[in-house]
Amino acid sequence: MSDVAQGAGLATTYRDAMREAIREALIADPRVFLMGEDVGAYGGCYAVSKGLLDEFGPERIRDTPLSESAFVGAGIGAALGGMHPIVEIMTVNFSLLALDQIINNAATIRHMSGGQFNVPIVIRMATGAGRQLAAQHSHSLEGWYAHIPGLKIVTPATIEDARFMLAAALADPNPVLIFEHVMLYNMKGTLAPDAGPVDISKAKIRRPGKDVTLITYGGTLFKTLDAAETLAKDGVDAEVIDLRVLRPLDTETILASVRKTRRAVIVDEGWRSGSLSAEISARIMEGAFWDLDAPVGRVCSAEVPIPYPHHLEEAALPQPATIVAAAKATLGS
Amino acid sequence: MTEHGLKPHLTREHVLELLRQMLRVRRFEEKCAELYQREKIRGFLHLYIGEEAIAVGVMQALEIRDAIVATYREHGHALLRGVSADAIMAEMYGKLEGCSRGRGGSMHLFDAATRFYGGNAIVAGGLPLAVGLALAEKMMGRDGVVACFFGDGAVAEGEFHESLNLAELWKLPVLFICENNLYAMGTRLDRSEAQTDIHVKAAGYNVPAEVVDGMDVVAVEAAARRSVAAIRAGGGPALLECRTYRFRAHSMFDPQLYREKAEVEGWKTHDPIDRFMDWLRQTHNVHDADIAAIEQATAAEIEQAVAFAEAGQWEPEDMLTTEVYAEGAAP
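Residues numbered from 1 in each chain as written. Chains lettered and ligands numbered in written order. Predicted model: local features only at pLDDT ≥ 70, side-chain atom pairs only at ≥ 80, totals over all residues.

Please explain the overall build of chain B as it appears in this structure.
The helix and strand tally for chain B stands at 12 helices and 8 strands. Counting every position in chain B, which comprises 331 residues, the buried fraction comes to 52%. Residue pairs in contact within chain B that sit at least 24 positions apart in sequence constitute 75% of those at least 6 positions apart. (Helix = DSSP H or I, 4+ residues; strand = E, 2+ residues; numbered from the N terminus. Buried ≥ 20, exposed ≤ 12 C-beta atoms within 10 Å, placed from the backbone. Contact = placed C-beta atoms within 7 Å.)

Put into structure tokens, the structure is as follows:
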């Protein structure tokens with residue numbers, strides 16, 4: 001990790017941080033390669049891999065046919081064969097065409113083979129709504145994938161995590177799925193001078209507080225932090241947890257915070273029914289019920305296919321105002 | 001027997017070995033069926049009986065450096081690849097000493113030592129894995145070939161088409177072997193495919209393909225040797241359609257309502273083992289004593305495997321959740 005600090009202290013974007021992470025991985029390990037739809041000549045649907053084809057060539061930056069099942073499965077096979085592939089699926093919506101490979105193969109092979117074979121693959125994909133792309137391009141299905149034993153699910157929400165989670169994912173011997181929220185790619189920020197390797201087993205407290213715990217991840221982190229600022233003006237000191245990893249969940253960090261604040265609201269762009277937010281709520285009930293002063297609240301997407309018009313899309317998604325209202329409800333106000 | 005373009009050297013030693021391997025698979029699976037009736041083996045059990053010439057023929061063309069991806073009808077493939085009968089039988093019993101630690105059972109035989117990448121129970125699910133394994137061979141500068149077995153049912157899946165395209169596009173060393181037994185479970189090929197000549201489909205992806213009599217072990221070996229040689233020479237993937245027939249039910253739960261007994265009996269007159277034995281008697285001076293010696297050794301191997309499985313241990317329940325995730329850094 002010789003160039004870990006490279007780029008630290010520099011203004012960058014989430015997209016550029018992710019690209020730098022891929023570059024670093026390609027430079028560091030000849031077993032790493034990137035493949036997916038339009039990752040090469042086009043530069044990536046969200047321009048994450050722009051320029052990498054010129055730098056690394058077509059052997060290591062592989063444009064694939066629109067065959068999600070084949071190229072994700074080929075990534076799994078390549079991982080079995082000793083490579084460390086980074087497979088980009090353009091969006092989570094298209095990952096549904098590769099579910100067989102992800103769930104029946106990547107997630108099972110280690111256990112089913114009695115521990116003989118690892119699948120050290122990283123599968124990246126864009127997730128989430130907010131760009132008026134309508135119902136088939138706006139899913140947030142990361143919580144769904146988090147249902148599956150054998151997979152690890154990470155959701156970088158900050159520039160630092162965009163820059164450093166990939167290396168941790170590649171170092172992990174298990175299949176790791178990275179969900180990148182589409183609204184984060186343009187986010188600008190500065191990498192701290194001391195930014196470096198990150199731990200993908202732990203959640204992070206992004207804002208300490210004492211009155212209510214707001215639990216979120218990915219695309220809703222900054223909406224939740226906005227809500228926390230509004231709450232602060234109203235005298236409510238909210239703690240904000242960025243889950244960062246949806247499987248395995250860092251239950252300890254969640255419970256420790258809830259035991260302190262005695263109130264919790266989960267903010268998740270996924271739908272409410274049978275969801276990750278339901279799982280977190282259940283874990284709080286199981287682990288901190290007697291510490292609670294109020295029922296656990298949830299702010300999720302409306303249970304509709306995400307609509308195209310801007311105002312309806314915004315109405316369907318968690319927003320700072322709804323988060324503020326849910327937090328205040330736990331305080332009886 | 002087909003001798004057109006033959007690379008196999010049909011020495012007496014070699015033909016006896018082909019016979020021995022087919023008989024090993026046949027007798028092993030007959031024992032499996034018996035053990036299933038005795039409830040020693042549970043779950044699904046898919047027998048390869050009638051199709052043995054394909055795996056035996058193809059394996060002759062493969063080497064240690066090559067890799068295998070198979071289906072849920074893979075006991076024979078594992079046995080022929082060199083996974084021990086003991087470890088396979090213990091796996092069928094669900095015992096800790098099984099080749100997948102008892103966790104996979106009949107449909108999920110795995111063995112790292114022989115590069116046997118599983119029994120896959122999703123029809124066509126193994127094809128993309130084979131493409132990826134072949135990609136790793138190419139990118140890591142190795143020259144192994146990946147042999148990918150699948151049935152005629154798999155060609156209806158998108159993964160078959162996607163995988164052939166990708167393998168040819170990237171010129172990857174995959175030998176696709178379609179074991180066409182004419183039925184996708186209970187659906188006859190002509191009831192599910194508009195084009196029933198499976199090898200013809202490969203032309204749509206520029207993949208060289210051959211059709212071969214899958215009941216003729218020498219013909220399969222010859223075709224596999226030709227294909228593997230072309231693949232190893234850098235020609236990209238190839239497809240072999242091996243026409244065969246499954247003598248037994250699809251699985252142990254199948255009452256076979258979809259085919260006539262006469263059809264099954266008709267195919268049994270093409271039994272790859274009987275046919276080969278007759279030919280050997282006529283052409284290679286093989287006698288009953290030779291066959292009896294093979295049968296005896298095979299019976300001993302199987303008896304030993306059953307004893308091994310019987311003596312095996314059940315994995316302790318407190319190990320249940322181990323190996324869901326690998327610990328530590330990626331190798």
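How should the overall build of chain A be read in this particular structure?
A tally of regular secondary structure across chain A gives 13 helices and 14 strands. The principal-axis extents of the C-alpha atoms in chain A amount to approximately 60 × 45 × 40 Å. Put simply, chain A has 333 residues, and 57% of those count as buried. Counting only contacts in chain A whose residues sit at least 6 apart along the sequence, the fraction spanning at least 24 positions is 78%.

Explanation requested: the interface of chain B and chain A in the structure shown.
Interface size is commonly expressed as the accessible surface area that is lost when the partners come together. At the interface, 37 residues of chain B touch 39 residues of chain A. Put simply, the parts of the chain that give the side of chain B that touches chain A at least two residues each are β2 (116-120), α5 (126-139) and α6 (158-169) of chain B. It is α5(B) that contributes the most residues to the side of chain B that touches chain A, 10 residues altogether. Here the side of chain B that touches chain A is composed, by residue class, of 21 nonpolar, 10 polar and 6 charged. (Nonpolar A, V, L, I, M, F, W, Y, C, P; charged D, E, K, R; others polar.)

Where do I start with the packing of helix α10 (residues 251-261) of chain A against helix α11 (residues 276-288) of chain A in this structure?
All names here are of chain A. Remark: α10 packs on α11, axes separated minimally by 10 Å, with the N-to-C direction vectors making an angle of 65°. For α10 against α11, the interelement crossing comes out right-handed. Of the residues in α11, those in contact with Thr251, Ile254, Leu255, Val258 and Arg259 of α10 are Ile280, Arg283, Ile284, Gly287 and Ala288. Here the contact of α10 with α11 is built from residues that sort into 6 nonpolar, 2 polar and 2 charged. (Axes fitted to C-alpha atoms, helices over the stretch in contact; angles between N-to-C directions. Left-handed = near helix turned anticlockwise from the far one by under 90°.)

Explain the environment of Lys188(A) to me, please; I cannot follow it from the model alone.
Residue and element names in this part refer to chain A. Assignment of secondary structure puts lysine 188 in strand β8 (residues 188-190). On the neighbour-count criterion, lysine 188 (11 C-beta atoms within 10 Å) is exposed. Here the alpha-carbon distance between lysine 188 and threonine 12, two residues 176 residues apart in the chain, equals 5.7 Å. Sequence-distant contacts of lysine 188, that is, excluding residues within four places in its chain, are made with Ala11 and Thr13.

For this particular structure, what's the right way to read the confidence of the model for chain A?
Predicted coordinates in regions of low pLDDT should not be interpreted in detail. On average, chain A scores 96 in pLDDT, and the residues at 70 or more come to 98%. This stretch, residues 1-5 of chain A, has a pLDDT under 50; its non-local contacts, to residues over four places away or in other chains, come to 5 contacts. (pLDDT = per-residue confidence, 0-100.)

How should the nonpolar core be read in this particular structure?
Side chains of nonpolar character tend, in soluble globular proteins, to be buried together. Leu214(A), Ala327(A), Val131(B), Cys148(B), Leu175(B) and Ile177(B) are the most contacted members of the largest nonpolar core, which totals 202 residues. Viewed by domain, this core spans two of them, domain 1 (11-190) and domain 2 (204-330) of chain A, each represented by three or more residues. Excluding residues within four positions of it along the chain, Val131(B) makes contact with Ala70(A), Gly73(A), Ala74(A), Gly77(A), Ser163(B), Leu166(B), Ala167(B), Leu172(B) and Val174(B). (Core = buried A, V, L, I, M, F, W, Y, C linked by C-beta atoms within 7 Å. Domains from an automatic or database assignment.)

Where do I start with the sheet that holds strand β7 (residues 209-213) of chain B in this structure?
Strand pairing in a sheet takes place through backbone hydrogen bonds and is either antiparallel or parallel in direction. Residue and element names in this part refer to chain B. Sheet architecture is open: 6 strands sit in the order β2-β1-β3-β4-β8-β7, paired in parallel fashion. Strand pairing shows two members of the sheet lacking a second neighbour, β2 and β7, which therefore form its edges. For this sheet, the mean angle separating the axes of adjacent strands, direction not counted, is 15°. Pairing geometry for strand β4 (residues 174-180) and strand β8 (residues 238-243), over 6 bridges, is parallel. (Pairing = 2+ DSSP bridges.)

Any chance you could explain unusual backbone geometry here in plain terms?
Excluding glycine, residues mostly carry a negative phi; peptide bonds, for their part, are mostly trans. Arg247(A) connects to Pro248(A) through a cis peptide bond whose omega is -5°. Mapped onto the elements, Pro248(A) comes out in the loop between β12 (245-247) and α10. Backbone geometry at Arg262(A) places phi at a positive 70°, although glycine is not the residue there. In this structure, Arg262(A) sits in the loop between α10 and β13 (264-271). Using a count of 17 C-beta atoms within 10 Å as the deciding quantity, one classes Arg262(A) as partly exposed. Positive phi values are uncommon outside glycine, yet Leu182(B) reaches one of about 75°. By the secondary structure assignment, Leu182(B) is in the loop between β4 and β5 (183-184).

Which parts of the structure should I look at to understand the pairing of strand β3 (residues 146-151) of chain B?
Working note: regular strand, side chains alternate between the two faces of the sheet. All names here are of chain B. For β3, the tally of buried residues reaches 6 of 6 residues, placing the bulk of the element in the interior. Relative to β3, strand β1 (residues 67-71) runs parallel, the two being bridged by 3 bridges. What sits directly across from isoleucine 68, in β3, is alanine 147. By the bridge criterion, 6 bridges tie β3 to β4 in an arrangement that is parallel. Across the sheet, valine 146 pairs through a bridge with valine 174, a residue of β4. The handedness of the β3 to β4 crossover, carried by α6, is right-handed. (Right-handed = clockwise from strand over helix to strand, strands pointing away.)

Would you explain the packing of helix α9 (residues 221-233) of chain A against helix α13 (residues 320-330) of chain A in this entry?
What describes two packed helices is the angle between their axes and the distance between those same axes. All names here are of chain A. It is at 8 Å that the axes of α9 and α13 come closest, and there the two elements cross at 55°. Considering their axes alone, α9 and α13 lie oblique with respect to each other. As α9 runs across α13, the sense of the crossing is right-handed. For the pair formed by α9 and α13, the contact residues are Lys223, Thr224, Asp226, Ala227, Thr230 and Leu231 on the first element and Pro320, Ile323, Val324 and Ala327 on the second. Grouping the amino acids of the contact of α9 with α13 by side-chain chemistry returns 6 nonpolar, 2 polar and 2 charged. (Parallel < 35°, antiparallel > 145°, perpendicular 65-115°, else oblique.)

What exactly am I supposed to notice about the sheet that holds strand β14 (residues 297-301) of chain A here?
All names here are of chain A. One open sheet holds the 5 strands; their spatial order is β9-β11-β10-β13-β14, and the pairing between them is mixed. Two strands close off the open sheet at either side, each with one partner strand: β9 (204-207) and β14. Across the sheet, the axes of successive neighbouring strands diverge by a mean angle of 25°, strand direction being ignored. Packed on one face of the sheet, α11 meets β10 (212-216), β13 and β14 and runs near 155° to β13.

I would appreciate a short explanation of the pairing of β10(A) in the present structure.
Residue and element names in this part refer to chain A. Judged by how many residues are buried, β10 sits mostly within the fold: 5 of 5 residues are covered. Side chains Val212, Leu214 and Thr216 of β10 all project onto a buried face; the interleaved residues Thr213 and Ile215 project onto the opposite face, where all are buried too. Of the pairings in the sheet, the one linking β10 to strand β11 (residues 238-242) comprises 5 bridges and is parallel in character. Counterpart to isoleucine 215 in the pairing with β11 is isoleucine 241.

Got a minute to help me understand the domain arrangement of chain A in this structure?
All names here are of chain A. Per the domain assignment, the segments making up chain A are domain 1 (11-190) and domain 2 (204-330). Computed from C-alpha coordinates alone, the two centres of domain 1 and domain 2 are separated by 26 Å. Elements supplying a minimum of two residues to the side of domain 1 that touches domain 2: α7 (142-145), β6 (152-154) and β7 (176-181). Tallying contributions element by element places β6 first for the side of domain 1 that touches domain 2, with 3 residues.

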